[in-house]
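What follows is the residue order along each chain.
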Amino acid sequence: MKLANGVNLHVIRETKFKTIRIMVRLREELSRENIAKRVIISNLWETTNTAYPTAQAFSSRLSELYGTSFSTAVNKKGSQHLLSIHMSLVNPKFVGVDTLAGAVDFMHKALFSPDKNVEVFQREKTNLINYLKAMNEDRSYYASRQLATLFFTDENQALPGVATVELLESETAEAVFNYYTEMLNHNLIDIFVLGDVEKTEVVRLFQTFDFKDRQGHSDIFYKQGIKDYQEKTEEKEVQQSILQMAFAQPATYGSPDYMTLQVMNGLFGGFAHSKLFMNVREKAGLAYYASSAFDSFTGLLRVNAGIDAGNYQQARALILEQLQALQSGDFTAQEVEQTKIMLKNSYFMSLDSSSNLIEQAFIHEVLPELYIDEATFLKELEAVTKEDIMRLAQNLTLQAQYFMKGEVYAEEEL
């Protein structure tokens, strides 16, 4: 149902859950100009609003609603930045309080009555800066940031979903609150309510939200061509070195090769029986961990390995050998079948998660013509062949590498 042009309400009636989940998601094109503002707003939402101006009043109201939870999240999906509010509440059928109406009213106050106290703003901005400084001390996070900068040609796409310390430091209360009004009036918004609920009641509650019509950036896929290979090595005082490699791959969500991508990644480094895990980590002992993961909205496939610095050449060569093995068909029908079984198990497990069901509903809203339902998933997964896997693997192109070089350990003399 449309609450306004560009603002959609989705009611997902699912009786197997005792709780009700609400998600409100605002999205716009990823930009360096706005990303830090959005991250600050996400923190402000979790703290206070004009109806509940103190932390005590804020938490007390949620406690009155039988421990309803309220949280926010920021992340990237393809070319878009997502700013989400999540609420989880006990179904009113089990208590003597209309928790649903109370939660929707709380959501309304959060969205339309933000606390513009400058002291609160400065406190949350400082907290975020300290948090990101600590995050940058996480070596894996730092390495991933460096790899993204090397891989993406668009500086906006290379930004982490939580912004950067430098961007946060430059923001002012005036700029953020001016943007807040613009965001609320122009972002595409999707509202999801999942649980044992009546659609007419949910619609009635959300019709009080005074959203304006808007037009927004709706293309979620980020695309870039093949570019010159980029490589960076940094020496750090770390015991465990980190090697990350970025490959361009052509498959996107809903494309003919999407299920092939799932299987190929599972064979390459996605599961414990994969080539990276079994050959690089287990048999050769060249890595503490070695895995691969893909992003079907940006075309990135990343290999991540923790190694000793002295094993760099061997580990890198062996990782590339595993890709070559996929390209040449050096894998068995049994390995393919095992990968398909694990993908099926993961898929069915996701159906028992209310948050995953909401994410699937979001993809259905954003990409209705490409959406993969259960029947399509199982059919297309089963149809993936060895030749498909080889062909897709042959289309992977190494585009970037980041190596965090730590201490080199010499073998002890006997």
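Bear in mind that the values here come from a model prediction, so they are computed numbers and not experimental data. (Residues numbered from 1 in each chain as written. Predicted model: local features only at pLDDT ≥ 70, side-chain atom pairs only at ≥ 80, totals over all residues. Heavy atoms only, no water.)

Draft legend 1. Seen up close, the overall build of the protein. Of the regular secondary structure elements, the protein holds 15 helices and 11 strands. Relative to the 2.2 N^0.38 estimate, which gives 22 Å for 414 residues, the radius of gyration of the protein is 24 Å and therefore close to what a compact globule would have. Across the 414 residues in the protein, those meeting the buried criterion constitute 53%. When contacts within the protein are restricted to residue pairs at least 6 apart in sequence, those whose partners lie at least 24 apart make up 82%. Only carbon and sulfur atoms are counted for the fraction: they give 48% of the accessible area of the protein, which is about 19,000 Å². Seen as two clouds, the 40 positive and the 54 negative side-chain charges of the protein have centres 3 Å apart. (Helix = DSSP H or I, 4+ residues; strand = E, 2+ residues; numbered from the N terminus. Rg over C-alpha atoms; globule rule 2.2 N^0.38 Å. Buried < 20%, exposed > 50% of the residue type's maximum accessible area, 1.4 Å probe, protein only. Contact = heavy atoms within 4.5 Å. Areas by Shrake-Rupley, 256 points an atom, 1.4 Å probe, with all protein chains shown as cover. Lys, Arg positive; Asp, Glu negative; His and termini not counted. Charge placed at Lys NZ, Arg CZ, Asp CG, Glu CD.)

Draft legend 2. Region of interest: the environment of valine 238. Tracing the chain through its elements places valine 238 in the loop between β7 (230–235) and β8 (241–248). With 30 residues separating them in the primary sequence, valine 238 and phenylalanine 268 have C-alpha atoms 27 Å apart.

Draft legend 3. The sheet that holds strand β9 (residues 289–295), seen in detail. Here five strands make up an open sheet; going across it, the order is β7-β11-β8-β10-β9 and the pairing mixed. Taken across any chain shown, the strands that pair with only one partner, and hence form the sheet edges, are β7 and β9. Along the sheet, successive strands turn relative to each other by an average axial angle of 10 degrees, direction set aside. Here helix α5 (residues 139–151) sits on the sheet in contact with β7, β8, β9, β10 (300–307) and β11 (397–405), set at roughly 145 degrees to β11. Running over the sheet, helix α10 (residues 275–283) touches β9 and β10 and is turned about 155 degrees from β9. (Pairing = 2+ DSSP bridges. Axes fitted to C-alpha atoms, helices over the stretch in contact; angles between N-to-C directions.)

Draft legend 4. Here's a closer look at α10. The complete set of buried residues in α10 reads Lys275, Leu276, Asn279 and Val280. Seen end-on, α10 carries its buried residues on one side only, within an arc spanning 105 degrees. The secondary structure elements touched by the buried residues of α10 are α9 (258–270), β9, β10 and α11 (312–328). Glycine 285 occupies a position one or two residues after α10 and carries a positive phi of about 65 degrees. (Arc of directions from axis to C-beta.)

Draft legend 5. Region of the structure containing the environment of alanine 393. Assignment of secondary structure puts alanine 393 in helix α15 (residues 386–394). A relative accessible area of 0% places alanine 393 in the buried class. With 144 residues separating them along the chain, alanine 393 and glutamine 249 place their C-alpha atoms 8.4 Å apart. Among residues more than four places away in sequence, those in contact with alanine 393 are Met264, Leu323, Leu326 and Gln327.

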